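One letter stands for each residue in the lines below.
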Amino acid sequence: MNINHHLDEATLVSYSAGALSQGMALVVATHISICDQCRQLAEANDALGGALLESLESETVADTMLANLLAQLDDTPQEVATLAPVKPDPEIPAPLSDYIEGSLDQLEWKSIVPGVAYYDMPWEGRGVSRLLRIAPGKSMLAHTHDGNELTMVLRGSFSDEVGRFCRGDVADLDDQIEHQPLVDSDEDCICLIATDAPLRFTTLFGKLVQPITGF
Amino acid sequence: MNNKPPGEDLDNIVQMSQSNMGSSDWSDMLASLSESADKRVYAKLFHHFAPKVKAYIIRLGVNGGAAEEVTQEVMLSVWRKAHMYHQEKAAASTWIFRLARNQSIDWMRKQKYPQYSLEEWSDTAAEPGKGEQEVLSDRVAKAISLLPEKQSQVIYMSYFEGRSHGDIASRLDIPLGSVKSRIRLASEKLKQIWGGEYEH
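Residues numbered from 1 in each chain as written. Chains lettered and ligands numbered in written order. Predicted model: local features only at pLDDT ≥ 70, side-chain atom pairs only at ≥ 80, totals over all residues.

Novice: How do you make sense of the overall build of chain B when you look at a structure like this?
Specialist: Each helix and strand in chain B was counted, giving nine helices and zero strands. Listing each helix as α and each strand as β along chain B from the N terminus yields α-α-α-α-α-α-α-α-α. The burial tally for chain B puts 44% of its 200 residues in the buried class. Pairs at least 24 residues apart make up 70% of the contacts formed inside chain B by residues separated by at least 6 positions. (Helix = DSSP H or I, 4+ residues; strand = E, 2+ residues; numbered from the N terminus. Buried ≥ 20, exposed ≤ 12 C-beta atoms within 10 Å, placed from the backbone. Contact = placed C-beta atoms within 7 Å.)

In structure tokens:
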């Protein structure tokens, strides 16, 4: 896959460190699952985690723990590595498919304004974690962020002040950026997005709909 | 290594010392565990990794009896998942770190940390010095100590405290962008040191 926009190294470090929210981690895992370049960096950051683990001063574990474990091993089968299950829908990368039944078109989309709909991921937390579906020629409301925002394109494309984003591309933005993504594909653009703090809309309309949309 | 059959002498297994282990043996041992299901090998891995896994879990914020419980779960999954370990793809410490991270988060959030499939990885060798990971970890620890304090601090706060960029920014009272640039700089320098060492 030809991917032109990648994750920020600081985001990849946080992912490996286990420091990302569920929503942010989902976008990262979904992108990494189809991006060799980011996967290599993530592996190196996991190795840094392994080295840091090794560098830790040991904690005492209960004397009984190993004996408990050894007693369990005979009844604990070693899992056999299986081939990755066939993905029901090639449009949905594996990490995301855990949370979606059927195809993207079968989801129960909720409309925000005409041409813009969303589907929330099944968890709560700070910020948002959802799929966003925007019709051709429509634009996401202009906004900036107090925190980080990750947007990965699953279908269609959009352009903003940073560039053009197609399937597989990820926009990894923070509070330095104010942007207004405009869908420039012939079909709806579907993105997986996550923020770690609420967005700040920069127009009056955006501010008015914010309480309704939950952003 | 003595040659007693598995399980014959639990006390000896429990007391077994790891002091004479070679530096790059842990990955070999973990790989052999999937072949042999040898409890002596498992016990050695346990002695080396369980105390470090527990230390890591406590730092992430799992306390008291729960830390012991999660450590035991992690070490049990080392046994269960040994077949899925591929030595050519990751060092033992990397692989066990992932198990410990994921299970700690699962425990704290009651939700599975989203992961990309390890089985689907391409053949690209990405991790430098896999076979020498244990030597490498000393180097990395040393390398981190060589970083400017501002940079090592954000690495520690990420890996050992599981803090987000926003959380680190508010704790240190610096802008989000500064947290991210410190992490980027630290990561870049560590990989340079790492890469440099790897070539030797």
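Novice: What is the right way to look at the interface of chain A and chain B in this model?
Specialist: Interface size is often expressed as the accessible area that is lost when the parts come together. The interface is formed by 62 residues belonging to chain A together with 69 residues belonging to chain B. Residue assignment for the side of chain A that touches chain B shows that the elements contributing at least two residues are helix H1 (9–17), helix H2 (22–32), helix H3 (36–55), helix H4 (63–73) and helix H5 (94–97) of chain A. Broken down by element, the side of chain A that touches chain B gets its largest block of residues, 15 residues, from H3(A). Taken together, the residues of the side of chain A that touches chain B break down into 31 nonpolar, 18 polar and 13 charged. (Nonpolar A, V, L, I, M, F, W, Y, C, P; charged D, E, K, R; others polar.)

Novice: Any chance you could explain the packing of H4(A) against helix H4 (residues 64–81) of chain B here in plain terms?
Specialist: To characterise two packed helices, one gives the angle between the axes of the helices and the distance between these axes. Contact geometry for H4(A) and H4(B): axes closest at 11 Å, N-to-C directions at 40°. Comparing their axes, H4(B) and H4(A) come out oblique. Where H4(A) crosses over H4(B), the two elements pack in a sense that is right-handed. Contact residues: H4(A) offers A:Met65, A:Asn68, A:Leu69, A:Gln72 and A:Leu73, while H4(B) offers B:Glu68, B:Gln72, B:Met75, B:Leu76 and B:Trp79. Looking at the contact of H4(A) with H4(B), its residues break down into six nonpolar, three polar and one charged. (Axes fitted to C-alpha atoms, helices over the stretch in contact; angles between N-to-C directions. Parallel < 35°, antiparallel > 145°, perpendicular 65-115°, else oblique. Left-handed = near helix turned anticlockwise from the far one by under 90°.)

Novice: Any chance you could explain the pairing of strand E5 (residues 149–155) of chain A here in plain terms?
Specialist: In regular strands, side chains alternate between the two faces of the sheet. Residues and elements named next belong to chain A. Here E5 lies mainly inside the structure; five of its seven residues are buried. In terms of strand pairing, E5 meets strand E8 (residues 170–173) through four bridges, oriented antiparallel. Residue pairing in the sheet places Thr151 in a bridge with Ala171 of E8. Here E5 pairs with strand E10 (residues 189–195) via six bridges, running antiparallel. By the bridge assignment for E10, Thr151 is matched with Ile193. (Pairing = 2+ DSSP bridges.)

Novice: Whenever I open this one, the sheet that holds strand E7 (residues 164–165) of chain A confuses me. Can you help?
Specialist: Strands pair in a sheet through their backbones, by hydrogen bonds, and they do so in one of two ways: parallel or antiparallel. Residue and element names in this part refer to chain A. With antiparallel pairing, the three strands of this open sheet are ordered in space as E7-E6-E9. For this open sheet the edge positions go to E7 and strand E9 (182–183), each flanked by a neighbour on one side alone. The pairing of strand E6 (residues 158–159) with E9 spans two bridges and is antiparallel. Bridge pairing in E9 links Ser159 to Leu182.

Novice: Mind showing me how you'd approach the sheet that holds E5(A) here?
Specialist: Residues and elements named next belong to chain A. In spatial order, the strands read E1-E2-E3-E10-E5-E8; together these six strands make up an open sheet with antiparallel pairing. Each edge of the open sheet carries a strand with a single partner, namely strand E1 (110–113) and E8. With direction set aside, neighbouring strand axes in the sheet form an average angle of 25°. Packing of H2 onto the sheet brings it into contact with strand E3 (129–134), E5, E8 and E10, and relative to E10 it is tilted by some 130°.

Novice: How should I be thinking about the pairing of strand E2 (residues 116–120) of chain A in this particular structure?
Specialist: All names here are of chain A. Looking at chain direction, E1 and E2 are connected through three bridges and run antiparallel. Looking at the pairing, Lys110 lines up with Tyr118 of E2. Where E1 hands over to E2, the hairpin turn is made up of two residues, of which Gly115 adopts a positive phi near 90°. Two elements, E2 and E3, share five bridges in a ladder whose sense is antiparallel. Each residue of the ladder has a partner; that of Tyr118, found in E3, is Leu132.

Novice: Just checking my understanding: could you explain the confidence of the model for chain B for this structure?
Specialist: Low-pLDDT portions of the prediction should not be read for the details of their coordinates. Residue and element names in this part refer to chain B. When the pLDDT values of chain B are averaged, the result is 80; 74% of them are 70 or greater. Within chain B, the lowest mean pLDDT, 43, falls on helix H1 (residues 10–15), and the highest, 96, falls on helix H3 (residues 39–60). Segment residues 119–134: pLDDT under 50, and 36 contacts once partners within four positions in sequence are set aside and those in other chains are kept. Predicted as a complex, the structure gets a pTM of 0.87 and an ipTM equal to 0.88. (pLDDT = per-residue confidence, 0-100.)

Novice: Where do I start with the environment of B:Glu35 in this structure?
Specialist: Inspection of the secondary structure assignment puts B:Glu35 in helix H2 (residues 25–36). Considered as a pair, B:Glu35 and B:Ala82 are 47 residues apart in the sequence and their alpha carbons are 8.7 Å apart.

Novice: Looking at this structure, I do not really get the packing of H1(A) against H3(A). What am I missing?
Specialist: All names here are of chain A. Taken N-terminus to C-terminus, the directions of H1 and H3 make an angle of 50°; their axes are 9 Å apart at the nearest point. One finds that H1 runs oblique with respect to H3. Crossing of H1 against H3: the hand is right-handed. Mapping the contact onto sequence places Glu9, Leu12, Val13, Tyr15, Ser16 and Ala17 in H1 and Cys38, Leu41, Ala42, Asn45, Asp46 and Gly49 in H3. Classifying every residue of the contact of H1 with H3 by side-chain character gives seven nonpolar, three polar and two charged.

Novice: Could you clarify how one ought to interpret the environment of B:Ser181 in this entry?
Specialist: Mapped onto the elements, B:Ser181 comes out in helix H9 (residues 176–199). Distance in space between the C-alpha atoms of B:Ser181 and B:Val74 is 33 Å, their sequence separation being 107 residues.

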